[in-house]
Amino acid sequence: MRKNLQLALMASPVIATFFSLTTPYVQAEPGSGGTAAVITATTDDNGHKVYVNESVPMSSARRAQAPPARRSSLAYWSATEHRWKPVPSANIRAARSAAAEVNQYLGQDSNPASGSQQIPNFVRGKAFTPQEIDAAIDQAAARHNVDPSLVRAVIKVESNFNPNAVSRKGAMGLMQLMPQTARQLKVANPFDPGQNVDAGVRHLKQLMESYGGDVKLSLAAYNAGAGAVARSSGVPHYAETQNYVRRITNLYYGGFDFNSGASRDPVRVQRDARGVLYISNTE
């Protein structure tokens, strides 16, 4: 046993020397920019041991680094900072998602039972005269007993009277109907002023009846949803919704006439003993 142990101890340096001579030694060269010094042992024709120091590229696995973050190629002009700023990637993803939802809505078949998808018989981009838009507003307001001036104030803030407007969230047309709302209200062409305004006024009237004629709550729900109003027990504290309600009510109660620019009496909203909702600018 003792003899075997001595042999093992004597053999250890020999084994270590063997591995050191046969195993390549790798060391990165300073400033080499991705290369390494590799020392290999070879035997020449005369039986002499020769050590060669070679520079070889380092493996891609060693040099693998985290790829640089992709930056958006889109930019917008900041009116507050007076400079171009990159569009956040989250906004781009949201806009693409909204566009996909709008395209899906616009490409849906009016007869799902047919098993095919057909493009509805309309083209976004058609020009409508101010008279056609005014007529659509007056007709829808009279049909659903809503003050046309309130409808005009909503449209002014929502789309600035552009019947072909599409927001980055996917809202469409004069009253910026979301695809889901447009489907619920059976809108076939959201870019047609008559269909869009009628559906928007129907939706606004339902909200006003739900909130007892409260214009601010109705507008808040039109913008942020009834759920947000319920959770906040009033107008939500979102900056967008607060600004939205303020802009519309300033136009509406400020007595601004969208046709002539002349002032008018403030509009009053009330419900009689029978529960009928009245919206009027007269005593």
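Shown above is the structure to which this text applies.
Conventions we followed
- Residues numbered from 1 in each chain as written.
- Predicted model: local features only at pLDDT ≥ 70, side-chain atom pairs only at ≥ 80, totals over all residues.
- Heavy atoms only, no water.
- Helix = DSSP H or I, 4+ residues; strand = E, 2+ residues; numbered from the N terminus.
- Buried < 20%, exposed > 50% of the residue type's maximum accessible area, 1.4 Å probe, protein only.
- Contact = heavy atoms within 4.5 Å.
- Phe/Tyr/Trp six-rings, centres within 6.5 Å; stacked < 30°, edge-to-face > 60°.
- Expected span 1.5 Å × (residues − 1).
- Axes fitted to C-alpha atoms, helices over the stretch in contact; angles between N-to-C directions.
- Left-handed = near helix turned anticlockwise from the far one by under 90°.
- Nonpolar A, V, L, I, M, F, W, Y, C, P; charged D, E, K, R; others polar.
- Parallel < 35°, antiparallel > 145°, perpendicular 65-115°, else oblique.
- Polar contact = N/O pair within 3.5 Å; in protein donor to acceptor, adjacent residues only side chain to side chain.
- Core = buried A, V, L, I, M, F, W, Y, C linked by side-chain atoms within 4.5 Å.
- Salt bridge = Lys/Arg side-chain N within 4 Å of Asp/Glu carboxyl O.

What about the overall build of the chain?
1) Next: Regarding its fold elements, the chain presents 9 helices and 7 strands.
2) Next: Sorting the 283 residues of the chain into buried and exposed places 30% on the buried side.
3) Next: Restricting the contact set of the chain to residue pairs at least 6 apart, pairs at least 24 apart contribute 39%.

Looking at the packing of aromatic side chains
1) Next: In the structure shown here, the tally under the stated rule is 1 aromatic pair.
2) Next: Ring centres of tyrosine 252 and tyrosine 253 lie 5.0 Å apart, and the angle between their planes is 50°; this geometry places the pair in the tilted category.
3) Next: For tyrosine 253, a relative accessible area of 35% puts it in the partly exposed group.

A look at the environment of methionine 208
1) Next: Mapping methionine 208 onto the fold places it in helix α6 (residues 193-210).
2) Next: Along the chain, methionine 208 and serine 218 lie 10 residues apart, while their C-alpha atoms are 5.3 Å from each other.

Digging into α6
1) Next: Taking 1.5 Å of rise per residue, 18 residues should cover 26 Å, and α6 covers 25 Å from first to last C-alpha, within 8% of that figure.
2) Next: After α6 finishes, the residue glycine 212 shows a positive phi value of roughly 60°.

Description of the packing of helix α3 (residues 130-144) against α6
1) Next: Taken N-terminus to C-terminus, the directions of α3 and α6 make an angle of 35°; their axes are 9 Å apart at the nearest point. The two elements α3 and α6 meet at a crossing, and its hand is right-handed. Note on element contacts: α6 touches α3 through Pro193, Gly194, Val197, Asp198, Val201, Arg202 and Lys205, opposite Ile133, Ala136, Ile137, Ala140, Ala141, Arg143 and His144.
2) Next: Class assignment of the residues belonging to the contact of α3 with α6 gives a composition of 8 nonpolar, 2 polar and 4 charged.

Here we look at unusual backbone geometry
1) Next: In this structure, asparagine 160 is a non-glycine residue whose phi angle is positive, near 55°.
2) Next: Positionally, asparagine 160 belongs in the loop between α4 (148-158) and α5 (179-184).
3) Next: In this structure asparagine 160 comes out as partly exposed when scored by relative accessible area, which is 48%.

Considering the packing of α4 against α6
When two helices pack together, their arrangement is given by the angle between the helix axes and by the axis-to-axis distance.
1) Next: For the pair α4 and α6, interaxial distance at closest approach is 11 Å and the crossing angle is 110°. One element, α4, and the other, α6, form an angle in the roughly perpendicular class. The handedness of the crossing between α4 and α6 is right-handed. Only Val197, Val201, Leu204 and Met208 of α6 make contact with α4, whose side of the interface consists of Leu150, Val151, Val154 and Ile155.
2) Next: Among the residues forming the contact of α4 with α6, the class breakdown is 8 nonpolar, no polar and no charged.

Considering the side chain of aspartate 147
1) Next: Within the secondary structure layout, aspartate 147 lies in the loop between α3 and α4.
2) Next: Of the residues examined, aspartate 147 reaches a relative accessible area of 12% and is grouped as buried.
3) Next: Polar side-chain contacts of aspartate 147 include one of 3.1 Å to the backbone nitrogen of serine 149.
4) Next: For aspartate 147, the side chain forms a polar contact with the side chain of tyrosine 252, separated by 3.1 Å.

Looking at the nonpolar core
1) Next: Residues Leu150, Val151, Val154 and Val197 are the most contacted members of the largest nonpolar core, which totals 36 residues.
2) Next: Going through the elements one at a time, α3, α4, α6, α7 (215-224) and α9 (239-253) are the ones with two or more residues in this core.

Details of α7
1) Next: Listing the buried residues of α7 in full gives Val215, Ser218, Leu219, Ala220, Ala221 and Tyr222.
2) Next: The backbone nitrogen of lysine 216 lies 3.1 Å from a side-chain oxygen of the residue at the head of α7, namely aspartate 214.
3) Next: Of the residues flanking the end of α7, it is glycine 225, one or two places downstream, whose phi is positive at about 100°.

Looking at the environment of alanine 182
1) Next: With respect to the helices, strands and loops of the structure, alanine 182 is situated in helix α5.
2) Next: Judged by relative accessible area, alanine 182 falls into the buried class, the value being 0%.
3) Next: Put simply, alanine 182 and methionine 172 are 10 residues apart on the chain and 8.8 Å apart in space, counted from C-alpha to C-alpha.

Concerning the pattern of salt bridges
1) Next: On inspection of all chains with the given rule, the structure shows 7 salt bridges.
2) Next: Across the pair glutamate 81 and arginine 83 runs a salt bridge whose closest N-O atoms are separated by 2.8 Å.
3) Next: Under the relative-accessibility criterion, arginine 83 is labelled partly exposed at 41%.
4) Next: Two residues, aspartate 134 and arginine 152, come together in a salt bridge whose shortest N-O distance is 3.5 Å. Pair noted here: aspartate 134 is in helix α3 and arginine 152 is in helix α4, with a separation of 18 residues, a long-range link.
5) Next: Classification of aspartate 134 by relative accessible area gives partly exposed; the value is 25%.
6) Next: One network of salt bridges, with partners in common, ties together Asp134, Asp138 and Arg152.

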